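Below, each chain spelled out in residue letters.
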Amino acid sequence: MKRLVWKELDAAARAAALQRPAQAPVEAAARRATVKRLIAQVRADGDATLRALTRRYDGCELDALEVSAEEFAAAAAQVAPELRAAIAEARERIARFHVAGAPAPVRVETAPGVICERVLRPLRRVGLYVPSGTAPLPSTVLMLAVPAQLAGCGDIVLCTPAGADGRCDATVLYTAQLCGVTRVFKLGGAQAIAAMAYGTESVPRCDKLFGPGNAWVTEAKRQVAGDPAGAAIDLPAGPSEVLVIADADADAAFVAADLLSQAEHGSDSQVVLLSPSAPLLDAVAAAVEEQLAELPRAKLARQALSHARLIDVADLAEAVAISNAYAPEHLILNVVAPRALLPAVINAGSVFLGAWSPEAVGDYCSGTNHVLPTYGYARAWSGVSVASFLKLVTVQELTPAGLQAIGPCAQTLAEAEGLHAHERAVSLRLQRLQAACA
């Protein structure tokens, strides 16, 4: 892990220290072109292309793309009772939090006789993507399907890759069914995104797509979101990341474990540690090496740690300022008084306060959502919630007296903008009302 002292860096070096791992321009361009071609193939040939791509990339031959009732039943039988209980427990907490944070209808009289409302409408059909590359992610099913259900989405489609045996991960299927999702397709990668965005003979076209994925999935989501004939997406994202701010009192073993819990996601994940304590940075570096020796995914974690940063800062205030510039997906405040720092936190996907709040609980079962903006997008985006699955439609209703009260305001503004038809739409009505009263 690279060790840096913030006060010794000039502006260019500081910017470089906060850079995410970047793809080579040639590699990125090649990926864009390949994904564009793949999407076009799926649009042109539908299921036939999906089968061919699944054969090529997932190494399995599929007859039916959709998971059958028999496969759901077989999957449920494979899930151990203690895992079933943990999934149900996590689902209950996620639902409790998301219900509390859901948008509410609004009705307000902005002037006498002028009623303005906001009504909620669920998205018609949504597509959920659940990766299964380096590890299956039933937790992602919970994070997407629970708020989709709470929003009232009537048609939920889920895609997740099949293994070489042509079957999807049993825990993913069990969790999907528990959350009321019964339309699951054995599709992964960019081709799954294309299928849900445009539809095929088997896969229904979706209005909005949700879920994390690798660089190919992310590129496919970007491309379909930029196409008016495609589908909206939940948020822009990149590789997983965590930034930890720790003081001299932090437990180095805890900090190291939090860094490694993100590093093991994949070789392109990034972890950053900021601390005003040089001894703490030394202790964390040693603890990371100790814990790596016990991790089954140590090889992946080591690759991620090659672009990790341990940064010596002047104080905690400087650490928060650096974090805001970085805008991490996950921010851990492992300090004596974490809540005192929270008001200064502006840019972060999700924040974890104190020594006893590991980021891993947010990934699984605290109740918040782990589908979050990464790669600096936390400057402007929020994580997935019930609101992500809703449209907020405004409504207005005016009585004659209401139009007489606010109509002149609209006329003046329309005239200022040179939009005479707008002005006339108001003035004709006001004239009619005046004539009726004469």
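The structure under discussion appears in the preceding block.
First things first, this report covers the structure right here in the doc. (Residues numbered from 1 in each chain as written. Predicted model: local features only at pLDDT ≥ 70, side-chain atom pairs only at ≥ 80, totals over all residues. Heavy atoms only, no water.)

1. Concerning the overall build of the protein chain
Then comes step 1: In terms of regular secondary structure, the protein chain is built from 17 helices and 14 strands.
Then comes step 2: C-alpha extents for the protein chain along the principal axes are approximately 90 × 60 × 45 Å.
Then comes step 3: Looking at the 438 residues of the protein chain, the share that counts as buried comes to 47%.
Then comes step 4: Here the analysis covers contacts within the protein chain between residues at least 6 apart in sequence; of these, 75% occur between residues at least 24 apart.
Then comes step 5: When the 39 positive and 45 negative side-chain charges of the protein chain are each reduced to one mean point, those points stand 7 Å apart. (Helix = DSSP H or I, 4+ residues; strand = E, 2+ residues; numbered from the N terminus. Buried < 20%, exposed > 50% of the residue type's maximum accessible area, 1.4 Å probe, protein only. Contact = heavy atoms within 4.5 Å. Lys, Arg positive; Asp, Glu negative; His and termini not counted. Charge placed at Lys NZ, Arg CZ, Asp CG, Glu CD.)

2. Focus on the state of the cysteines
Then comes step 1: Per the stated rule, a full pass over the model turns up 0 disulfides.
Then comes step 2: Looking at the unpaired C60, the closest cysteine sulfur is the one in C168, lying at 8.5 Å.
Then comes step 3: Owing to a relative accessible area of 3%, C60 belongs among the buried residues under this scheme. (Disulfide = S-S within 2.5 Å.)

3. Considering the side chain of E423
Then comes step 1: In this fold, E423 is placed in helix α17 (residues 420-437).
Then comes step 2: Although buried, E423 forms no salt bridge, and the nearest oppositely charged side chain, R424, lies 5.6 Å from it. (Salt bridge = Lys/Arg side-chain N within 4 Å of Asp/Glu carboxyl O.)

4. Considerations on the sheet that holds strand β1 (residues 2-5)
Then comes step 1: Reading across the sheet, the 6 strands line up as β1-β11-β10-β9-β12-β13 and stay open at both edges, with parallel pairing between neighbours. Every interior strand has two partners, whereas the edge strands, β1 and β13 (350-353), have only one. This sheet shows a mean twist of 15° between the axes of neighbouring strands, independent of strand direction.
Then comes step 2: Bridge count between strand β9 (residues 241-246) and strand β12 (residues 330-334): 5 bridges; the pairing is parallel. (Pairing = 2+ DSSP bridges. Axes fitted to C-alpha atoms, helices over the stretch in contact; angles between N-to-C directions.)

5. Comments concerning helix α4 (residues 69-78)
Then comes step 1: Within α4, the full set of buried residues consists of E71, F72, A75 and A76. Here the buried residues of α4 occupy an arc of 135° about the axis, which is enough to place them on one side. Of the exposed residues in α4, those oriented more than 90 degrees away from the buried face are A69, E70 and A77.
Then comes step 2: Buried positions along α4 lie against α5 (81-100), α7 (170-178) and β6 (183-185). (Arc of directions from axis to C-beta.)

6. Some words on the packing of aromatic side chains
Then comes step 1: Tallied over the entire structure, the rule returns 2 aromatic pairs.
Then comes step 2: Note on F210 and F389: the rings are 3.9 Å apart at their centroids and 15° apart in plane angle, and the pair reads as stacked. With F210 in strand β7 (residues 208-210) and F389 in the loop between α15 (359-364) and β14 (390-398), this residue pair connects regions lying 179 residues apart in the sequence.
Then comes step 3: Exposure remark for F210: the relative accessible area of 1% places this residue in the buried category. (Phe/Tyr/Trp six-rings, centres within 6.5 Å; stacked < 30°, edge-to-face > 60°.)

Distances and angles like these do not, on their own, reveal function.
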